[in-house]
Amino acid sequence: METKEYIDSGILELYVYGLLTETESEEVAAKAKNNAEINSEIISIEKAIVVLSSSFSPFHSVANYEKIKEKLELKYAPVIQLEPKKNKFQYLGWAASVALLVGVAYQYNELNQTSSLVAAAQDDKAKIEKEFNTLKIKNTAVESSLAVVRDIKNTVVSLGGQAVSPQSSAKVYWNQETEVVYIDAANLPEPPEGMVYQVWALKLNPLTPTSIGLLENFDKNEQKLFAVSSANGAEGFGITLEPAGGSLTPTMEQLYTLGKV
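Predicted model, so just to flag it, every value in this text is computed and none were measured. (Residues numbered from 1 in each chain as written. Predicted model: local features only at pLDDT ≥ 70, side-chain atom pairs only at ≥ 80, totals over all residues. Heavy atoms only, no water.)

Structural notes on the sheet that holds strand β3 (residues 180–184)
Across the sheet, 8 strands lie side by side as β5-β4-β7-β8-β1-β2-β3-β6; this open sheet has antiparallel pairing. If you trace the sheet from one side to the other, it starts and ends with β5 (207–215) and β6 (225–228), each paired once. Strand after strand, the sheet turns through a mean of 25° between neighbouring axes, direction not considered. Both strand β4 (residues 195–204) and strand β7 (residues 236–243) contribute to a ladder of 8 bridges, which runs antiparallel. When the bridges of β7 are listed, V199 appears paired with I239. (Pairing = 2+ DSSP bridges. Helix = DSSP H or I, 4+ residues; strand = E, 2+ residues; numbered from the N terminus. Axes fitted to C-alpha atoms, helices over the stretch in contact; angles between N-to-C directions.)

Structure (structure tokens):
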């Protein structure tokens, strides 16, 4: 095996961590002795681990150490200096454990961040689905309104503004085959609180008004297109402003729009 391949194989890291068998360790030591590049790589790995482990160890300066030693020598009998037994593989194994704990902590933090991102994505998805459903409902309402306006079977009756509100207007879409009547109230002002618009089908001779519906929930109807009851041969239509719940007869002083078929 070439030297570079041997270095890249990871066996030198295992050797430094003390994770090889005795035979394997002896083999690596022999190669390091005869190969300067392998020996240099081992030294680099050892230095890297020492740097990592030292970042977790407390630091005491030489000066502090000498002061402590001097005080101990004054108080106690001379201390016999013992050379600590060096166990490089045990030391490196401890450093490797610290490195493993750091790695586990990093992975745990990454997992928490990922979980937060997933939760945020789910919230965004729920919001998008809600907005989509709202748009779908609005689109259905628009399509329904267009279908009414485009129905060639509808008789369109324009209602002009009256004295109480000259700028107001409305349109009646009346299908005389199905007797279905729709009121386009887009050009009527918002009714005051406690009041409601009431639609009247009119017979002109003699003048006979018949209530065919109320334009309720005016502010919530975005299209301002309201379905009311059948007109039963009406000759005209009028819209008045009445107290909530409607009136039995129209309040002529509050006649907003009027038109003849």
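That was the structure; now back to the text.
Here we look at the packing of aromatic side chains
Within this structure, the stated rule accounts for 4 aromatic pairs. A ring pair is formed by Y197 and F218, whose centres lie 5.6 Å apart and whose planes are at 55°; its orientation type is tilted. Separated by 21 residues along the polypeptide, Y197 in strand β4 and F218 in the loop between β5 and β6 bring together distant segments of the chain. The pair Y197 / F218 is uniform in exposure class, with both members buried. Considering the side-chain rings of Y197 and Y256, the 5.5 Å spacing of their centres and the 80° angle between planes classify their relative orientation as edge-to-face. With a gap of 59 residues between them, Y197 in strand β4 and Y256 in strand β8 (residues 255–260) connect regions that are remote in the sequence. (Phe/Tyr/Trp six-rings, centres within 6.5 Å; stacked < 30°, edge-to-face > 60°. Buried < 20%, exposed > 50% of the residue type's maximum accessible area, 1.4 Å probe, protein only.)

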